[in-house]
Amino acid sequence: MEFLFEILKAVAYGAIEGITEWLPISSTGHMILAEQVLQFDLSADFMEMFRVVIQLGAILAVVVLYFRKLWPFCRDNGRDTGAARFVRWPIMRMWFKIIVACLPAAVLGILLDDWMDEHLYNSIVVALMLIVYGIAFILIERRPRPPKVTKLSRITYKNALTVGGWQVLSLIPGTSRSGSTILGGMLCGLSRPCAAQFTFFLAIPVMAGASLLKLVKFFAKGNAFTFNEVIILLVGCLVAFFVSIAAIRFLMDYVKRHSFTLFGWYRIVLGVIVLAVWAVQQFTAAPVA
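None of these values were measured; they are calculated from a predicted model.

**What about the overall build of the chain?**
Counting secondary structure elements, the chain contains 12 helices and 0 strands. Traced from its N-terminal end to its C-terminal end, the chain shows the element sequence α-α-α-α-α-α-α-α-α-α-α-α. Against the globule reference of 19 Å for 289 residues, the chain gives a C-alpha radius of gyration of 20 Å, in line with a compact fold. The dimensions of the chain, computed from C-alpha atoms along their principal axes, are 80 × 50 × 35 Å. For the chain, the proportion of its 289 residues judged to be buried stands at 46%. Taking the intrachain contacts of the chain between residues at least 6 apart in sequence as the baseline, contacts between residues at least 24 apart amount to 81%. Entry remark: accessible area of the chain is about 14,700 Å², with carbon and sulfur atoms responsible for 69%. Each charge class in the chain can be summarised by its mean position, and for the 26 positive and 17 negative side chains these summaries are 19 Å apart.

Written out as structure tokens, the structure reads:
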């Protein structure tokens, strides 16, 4: 019975990850709140790894939904001859831009991963970033700019590097990787749908790399998976996959007709809630004189 409860917690975590990873509302902020209620009876090392590796299910959802836009090695409808027929070069060029956009966050993420976990993974930082970026979304949407780029193929290397710079900010917990990159994309002239889709694609190498790094560190500490941990991790990833498919479809449909203002207000409210939970914990933990 206890293991069944652990499985249900993994389902809840997977659902939270699947929704919040793609909507610009910070998966970390929601995880912090979830951990106040849904505490696993598992080691701290496993939970540190689980929070990140569960993203693999979310990544797979992007690959499945956008496979034809992501896989460049297939026959190019007979428009080219020779070996070129089996490579769609516009997709290859897009992947080069994705790599350029991912380099800043990849380098800094590797260098600062442990430091950020130790110093920045806390309720105060998360709450402040939720509120700051919520305000940013509201202000940017109040002064909309006509988009200059409405198709992925029109994204330049300069655009990609700019979005990559904004992605670096997402290393701070509570910022939201999708939130920071969508904001960066909109500020450099990408339309909402284009910025959102490019953000999805950037997630593949970034989140895969972050998951690999956490797994390496987990095993480097001498840890090993138990049978229960394997099941919990697989359940979390599987739920994150199916929920991510629904979340991505919802967001792409939503941004075609609406602004991000609602998400901005949601972030502000969530940030206040995180601060309130932290304050209550501090008050109840205070020693009685």
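Don't stop here, the text continues.
**Overview of the pattern of salt bridges**
Across all of its chains, the model carries 7 salt bridges by this definition. Note that D253 is salt-bridged to R257, the shortest N-O span being 2.5 Å. For D253, a relative accessible area of 38% corresponds to the partly exposed category. By relative accessible area, which is 59% here, R257 ends up exposed.

**Let's talk about the nonpolar core**
Counting residues in each nonpolar core, the largest one holds 49 residues, and the members touching the most others are W22, V62, F198, F200 and F201. Taken together, the elements giving at least two residues each to this core come down to α4 (55–65), α6 (89–119), α7 (123–142), α8 (157–169), α9 (177–187), α10 (192–220) and α11 (227–255). Looking at this core, the element that brings in the most residues is α10, giving 10 residues. Formed by 19 residues, the second largest nonpolar core is a distinct cluster that contains I7, F50, I232 and V235.

**Things to note about the packing of aromatic side chains**
According to the stated counting rule, one finds 19 aromatic pairs in the structure shown. Here the aromatic rings of F46 and F225 are separated by 6.2 Å at their centres, their planes lie at 85 degrees, and the arrangement is edge-to-face. Of this pair, F46 sits in helix α3 (residues 44–53) while F225 sits in the loop between α10 and α11, placing them 179 residues apart in sequence. On the basis of relative accessibility, which here comes to 29%, the residue F225 falls in the partly exposed class. Three or more aromatic residues joined by ring pairs form one cluster here, namely Y13, F40, F46, F50, F218, F219 and F225. Above the plane of the ring of Y157 lies K97, whose end atom (NZ or CZ) is 5.7 Å from the centre.

**Digging into the packing of helix α1 (residues 2–20) against helix α2 (residues 27–37)**
Contact geometry of α1 with α2 gives a least axis separation of 9 Å together with a crossing angle of 160 degrees. Judged on the interaxial angle alone, α2 and α1 are roughly antiparallel. Along this stretch, α1 crosses α2, giving a crossing that reads as right-handed. Contacts from Y13, I16, E17 and T20 in α1 reach S27, H30, M31, A34 and E35 in α2. Across the contact of α1 with α2, the residue classes tally to 4 nonpolar, 3 polar and 2 charged.

**Here's the deal with a nonpolar patch on the surface**
Among the surface-exposed residues, V107, L108, L111, L112 and W115 lie close enough to one another that they form a single nonpolar patch of about 470 Å² accessible area. As for its placement among the helices and strands, L108 is situated in helix α6.

**Structural notes on the confidence of the model for the chain**
The pLDDT averaged across the chain works out to 89; a share of 94% of its residues lies at or above 70. Of all secondary-structure elements in the chain, the lowest mean pLDDT belongs to α2, at 82, while α11 reaches the highest, 95.

The rules we used
- Residues numbered from 1 in each chain as written.
- Predicted model: local features only at pLDDT ≥ 70, side-chain atom pairs only at ≥ 80, totals over all residues.
- Heavy atoms only, no water.
- Helix = DSSP H or I, 4+ residues; strand = E, 2+ residues; numbered from the N terminus.
- Rg over C-alpha atoms; globule rule 2.2 N^0.38 Å.
- Buried < 20%, exposed > 50% of the residue type's maximum accessible area, 1.4 Å probe, protein only.
- Contact = heavy atoms within 4.5 Å.
- Areas by Shrake-Rupley, 256 points an atom, 1.4 Å probe, with all protein chains shown as cover.
- Lys, Arg positive; Asp, Glu negative; His and termini not counted.
- Charge placed at Lys NZ, Arg CZ, Asp CG, Glu CD.
- Salt bridge = Lys/Arg side-chain N within 4 Å of Asp/Glu carboxyl O.
- Core = buried A, V, L, I, M, F, W, Y, C linked by side-chain atoms within 4.5 Å.
- Phe/Tyr/Trp six-rings, centres within 6.5 Å; stacked < 30°, edge-to-face > 60°.
- Lys NZ or Arg CZ within 6 Å of the ring centre and 35° of its normal.
- Axes fitted to C-alpha atoms, helices over the stretch in contact; angles between N-to-C directions.
- Parallel < 35°, antiparallel > 145°, perpendicular 65-115°, else oblique.
- Left-handed = near helix turned anticlockwise from the far one by under 90°.
- Nonpolar A, V, L, I, M, F, W, Y, C, P; charged D, E, K, R; others polar.
- Patch = residues over 30% accessible without salt bridge, like charges linked within 9 Å, V, L, I, M, F, W, Y side chains within 5 Å.
- pLDDT = per-residue confidence, 0-100.

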